[in-house]
Amino acid sequence: MELVIDKVSMRFKDKKAVSNISLKLTPGVWGLLGANGAGKTTLMRIIAGILKPTSGQVLYDGVPIRALGEEYRALFGYLPQEFGFPQEFTVKDYLIYVAALKGMTERQGRKRIHELLEQVSLLEVRNRKIARLSGGMKRRVGIAQALLNDPEVLVLDEPTGGLDPGERVRFRNLLSEFAHDRIVLISTHIVPDVEYIAGCHAMIREGKLLATGTTEELVRLVEGKVWTCTVPAQAVAEYERRLRIVSLRNEHDGSVSVRYLAKKPCNDHSAAAVPRLEDLYLWMFPQSGGADRKKSSRKQAVSGNL
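All chains use their own residue numbering, which begins from 1 and follows the written sequence. Only residues with pLDDT of at least 70 get local features here, since the model is predicted, and only at 80 or more are side-chain atom pairs given and counted; chain-wide, interface and lining totals rely on the full set of residues. No hydrogens and no water enter the side-chain calculation; it runs on all heavy atoms of the structure.

## Observations concerning the packing of helix α4 (residues 91-101) against helix α6 (residues 135-147)
We count it as follows: Axes, fitted as lines to C-alpha atoms, cover a helix only where it is in contact. Angles between the N-to-C directions of the axes lie from 0 to 180 degrees. By the criteria applied, helices consist of DSSP H or I runs no shorter than four residues and strands consist of E runs no shorter than two, each listed in order from the N terminus. Roughly parallel covers angles under 35 degrees, roughly antiparallel covers those over 145, roughly perpendicular covers 65 to 115, and oblique covers all other angles. Note on convention: the crossing is left-handed when the near helix lies turned anticlockwise from the far helix by less than a right angle, right-handed when the turn is clockwise. Here a residue-residue contact requires only that any non-hydrogen atoms of the pair lie within 4.5 Å. Throughout this entry, Asp, Glu, Lys and Arg are counted as charged residues, while Ala, Val, Leu, Ile, Met, Phe, Trp, Tyr, Cys and Pro are counted as nonpolar. The remaining residues, Gly among them, count as polar.
Following both chains from N to C, one finds α4 and α6 inclined at 25 degrees, their axes separated by 10 Å at the closest point. On the basis of their axis angle, the class for α4 and α6 is roughly parallel. As for the relative orientation of α4 and α6, their crossing is right-handed in sense. Taking contact as the criterion, the partners of Val91, Tyr94, Leu95 and Val98 in α4 are, on α6, Val141, Ala144 and Gln145. Its residues assigned to classes, the contact of α4 with α6 comprises six nonpolar, one polar and no charged.

Right, here's the structure in full:
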């Protein structure tokens, strides 16, 4: 089983959203990492067969998905960033409706729906209208509909938005088990959601494929560029102006531990740190750090929450 993205490009008027991407996906969890606007959603919509690429093609087991048509849709599951639903539908009614669209019999659908409602912890609200659910619950309904037909290929676009930490852990565990003999592609800019469950990652920026590999392979790209040091609390603002900060942590003596990215240490008491996938992400996509991240880090460090 393999899904091959073969020299795929997508242009919208004067903008090239995806540029000549080639990638072979095999069973397991894959992370698709990139900042907002990198082209992740466009690529996923092409994989889903919703968009026809300007050039190139997507093949499943050697056959173009366009030629497979309904056969491909029957083995495919997709969760877009925003999924629509009729406002009057309850959770159960919506899933019964989706099951029918996917060609499942009523008996198959009801059995599978009950299983999924238990797995995503929605059994108690199955008769509640989706419009009245919290953002996290709506996201879990979206996850359930993507899994309904037990797909061989599952594509999830920012699936954990709105989920609390406990829900995210349960979701990651569910996907790890589900992906044993299936292809699962998760697009996200929340790195911890894929760092430990994805066997491989693909990183894209401005529509171009930057790198692919396992977590261990990819983090080698930032070896020698991740540092830690301890500084007085009053010096944190100055360090944030000069450095690409990954995290801040208050110490008991009033100082602050700083983890930062740089080609060389910024002072004599900095020590090299073992790189993580988040370090690589922030190195590859520096705009993802941004002023908001710095303000958040400073606020959390001062309050002692990091």
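## Description of the packing of aromatic side chains
What counts, and what does not: Stacked, tilted and edge-to-face are the three classes applied to pairs of Phe, Tyr and Trp rings, where Trp contributes its six-membered ring and a pair requires centres within 6.5 Å; stacked means planes under 30 degrees apart, edge-to-face means over 60, and tilted covers the rest. A 1.4 Å probe rolled over the protein chains alone gives each residue an accessible area, and that area as a share of the maximum for its type sets the label: buried under 20%, exposed over 50%, partly exposed in between. Sitting over a ring, as applied to charges here, requires NZ of Lys or CZ of Arg to be within 6 Å of the ring centre and within 35 degrees of the ring normal.
Per the stated rule, a full pass over the model turns up five aromatic pairs. Pairing phenylalanine 89 with tyrosine 97 gives two aromatic rings, centres 5.4 Å apart and planes at 80 degrees, and the pair type is edge-to-face. What makes phenylalanine 89 buried here is its relative accessible area of 18%. Aromatic pair tyrosine 281 and phenylalanine 285: ring centres 4.8 Å apart, planes at 55 degrees, arrangement tilted. As far as the burial class goes, tyrosine 281 and phenylalanine 285 line up, both buried. Joined through ring pairs, the aromatic side chains of Tyr60, Tyr72, Phe76 and Tyr78 make up one cluster. The ring of tyrosine 239 has arginine 242 lying over it, and the distance from NZ or CZ to the ring centre is 5.0 Å. In this structure, arginine 244 is placed above the aromatic ring of tryptophan 283, and the distance from its NZ or CZ to the ring centre is 5.0 Å.

## A closer look at the confidence of the model for the protein
Selection criterion: Each residue carries a pLDDT value, the predictor's own confidence for that position, ranging from 0 to 100.
The pLDDT averaged across the protein works out to 89; a share of 93% of its residues lies at or above 70. Mean pLDDT per element in the protein: helix α12 (residues 290-303) is the minimum at 42, and strand β4 (residues 55-60) is the maximum at 98. Predicted confidence for residues 290-306 stays below pLDDT 50, and this span has 24 contacts to residues more than four positions away or in other chains.

## A few points about the side chain of arginine 140
Here arginine 140 shows up in helix α6. A relative accessible area of 10% places arginine 140 in the buried class. Leave out the neighbours within four places in its chain, and arginine 140 touches Val120, Ser121, Leu122, Leu163 and Glu167.

## Some points on empty space enclosed by the protein
If a probe as big as a water molecule is rolled over the atoms, it shows which places are left empty. Threshold: As defined here, a cavity is a set of points on a 1 Å grid over the protein atoms alone where a 1.4 Å probe fits but cannot get out. A pocket is an open set with protein on both sides within 12 Å along at least five of seven lines, and residues line them when an atom is within 4 Å of a point. Grid points are joined across faces, edges and corners, and a volume is the space filled by probe spheres set on the points.
As enumerated under the stated definition, the model contains one cavity of 30 Å³ or more in all. Lining the largest cavity are Gln119, Val120, Ser121, Arg140, Ile143, Leu163, Glu167, Arg170, Phe171 and Leu174. At the level of elements, α6 and α7 (165-178) are the ones that each hand at least two residues to the lining of the largest cavity. Top element by residues in the lining of the largest cavity is α7. It accounts for four residues. Grouping the amino acids of the lining of the largest cavity by side-chain chemistry returns five nonpolar, two polar and three charged.

## Observations regarding the sheet that holds strand β10 (residues 208-213)
Rule in force here: Here a strand pair is declared whenever DSSP counts at least two bridges between the two strands.
Across the sheet, six strands lie side by side as β6-β7-β8-β3-β9-β10; this open sheet has mixed pairing. The open sheet has two edge strands with one neighbour each: β6 (76-79) and β10. Within this sheet the neighbouring strands show an average axis-to-axis angle of 15 degrees, counted without direction. In the sheet, strand β7 (residues 153-157) pairs with strand β8 (residues 183-188) via five bridges, with the strands oriented parallel. Paired with leucine 156 across the two strands is isoleucine 186, which belongs to β8. Across the face of the sheet, helix α1 (residues 40-47) comes into contact with β3 (28-33), β6, β7, β8 and β9 (200-205) while running at roughly 155 degrees to β8. Contacting β3, β9 and β10, helix α11 (residues 277-284) runs over the sheet at an angle of about 15 degrees to β9.

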